[in-house]
Amino acid sequence: MDSDRPIWKIGVVGERGVGKTSLINRLVFDSFQDSSDGDYDSHFVKKKFVCEGNEIELLFLEIDPHTLSPKKITGTKAIVFLSDVTDERTLEDLEYLARDVYEINQKTNFIFLGNKCDLKYNAKFWLDDIKNIAKNYKNSIYGVVSAKTGENITPGLNFVCKKVLNYSKSKT
């Protein structure tokens, strides 16, 4: 029954061009568009998902960092902080975004991802650099993904869902 299915709001935040729309498209539709017409800012895209035998509904909200507000952050089970591994500036931006989100909601799970790992030979930063930011937040995980190829997407989503599910169970 749909009304019995937990609904998890997951925010995806990062600067323009890091691949927020592409990541959501990969997560929800398992597809990639080479160019995007724009952002889903303030629009939910949902996906039914089974995690450890529990059917849940994920509501992904793409968040423009310049319109970050308590209304968009409150009630999230997780926030994905997305950077582009080929653009060092986007890693620096994550530090500021994470601090801003932490001030609004300290209880949400923080997920720090470097997108475009398929371009690893052009990377300006990698896992250790992302880890240095993630270690400052209690409920955080980190990794690299490719919205284009799908690399690490499914295992990453499974890991995140298990973490959020376990975190939610510990709070009840």
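Described in the following lines is the structure provided in the data block. (Residues numbered from 1 in each chain as written. Predicted model: local features only at pLDDT ≥ 70, side-chain atom pairs only at ≥ 80, totals over all residues. Heavy atoms only, no water.)

## Side note on the packing of aromatic side chains
Note the cut-off: The criterion for an aromatic pair is that two Phe, Tyr or Trp rings (for Trp, the six-membered ring) have centres within 6.5 Å, with stacked assigned to planes under 30 degrees apart, edge-to-face to planes over 60 apart and tilted to the rest. Where helices and strands are cited, they refer to DSSP runs of H or I of at least four residues and of E of at least two residues respectively, numbered from the N terminus. Burial status follows relative accessibility: with a 1.4 Å probe on protein chains alone, a residue under 20% of its type maximum counts as buried, one over 50% as exposed, and anything between as partly exposed.
Scanning the model with the defined rule gives seven aromatic pairs in all. Where Phe 81 meets Phe 112, the ring centres are 4.9 Å apart and the plane angle is 15°; that geometry is what we call stacked. You can see Phe 81 sitting in strand S4 (residues 76–84) and its partner Phe 112 sitting in strand S5 (residues 109–115), a full 31 residues away along the chain. Here the two residues Phe 81 and Phe 112 agree in accessibility, since each one is buried.

## Quick word on the pattern of salt bridges
Put simply, the rule is: Here a salt bridge means any side-chain nitrogen of Lys or Arg lying within 4 Å of a carboxyl oxygen belonging to Asp or Glu.
Counted under the stated rule, the structure contains five salt bridges. Shared partners join several salt bridges into a network, and the residues in it are Asp 87, Arg 89 and Asp 93.

## Looking at the environment of Asp 87
Short version of the rule: Working rule for contacts: check all heavy atoms of both residues, and any pair within 4.5 Å makes them a contact. Throughout this description, a polar contact denotes any pair of N or O atoms lying within 3.5 Å of each other; where both atoms belong to protein, one of them has to be capable of donating a hydrogen while the other can accept it, and for residues adjacent in sequence the pair is counted only when both atoms sit in side chains.
Within the secondary structure, Asp 87 is located in the loop between S4 and helix H3 (88–104). A C-alpha to C-alpha distance of 30 Å links Asp 87 and Gly 75, two positions 12 residues apart in sequence. Discounting chain neighbours no more than four positions away, the residues touching Asp 87 are Lys 124 and Phe 125. A distance of 2.9 Å separates polar atoms of two side chains, one belonging to Asp 87 and the other to Arg 89.

## Things to note about the pairing of S5
Condition: Two strands pair if DSSP finds at least two bridges between them. Looking down the strands as they point away from the viewer, one classifies a crossover as right-handed if the path from the first strand across the helix to the second runs clockwise.
In terms of burial, S5 is a largely internal element, seven of the seven residues being buried. Of the two faces of S5, the one holding Asn 109, Ile 111, Leu 113 and Asn 115 and the one holding Phe 110, Phe 112 and Gly 114 are both buried throughout. Of the strand pairs in this sheet, S4 and S5 are connected by seven bridges, and their pairing is parallel. Residue Ser 83 lies in a different strand from S5, and its bridge partner there is Gly 114. Running through H3, the crossover from S4 to the neighbouring parallel element S5 is right-handed. Note: S5 against strand S6 (residues 140–144), five bridges, orientation parallel. Its bridge partner lying in S6, Ile 111 is registered against Ile 141. At this point the chain moves from S5, through helix H4 (residues 127–134), to the parallel S6, and the crossover so formed is right-handed.

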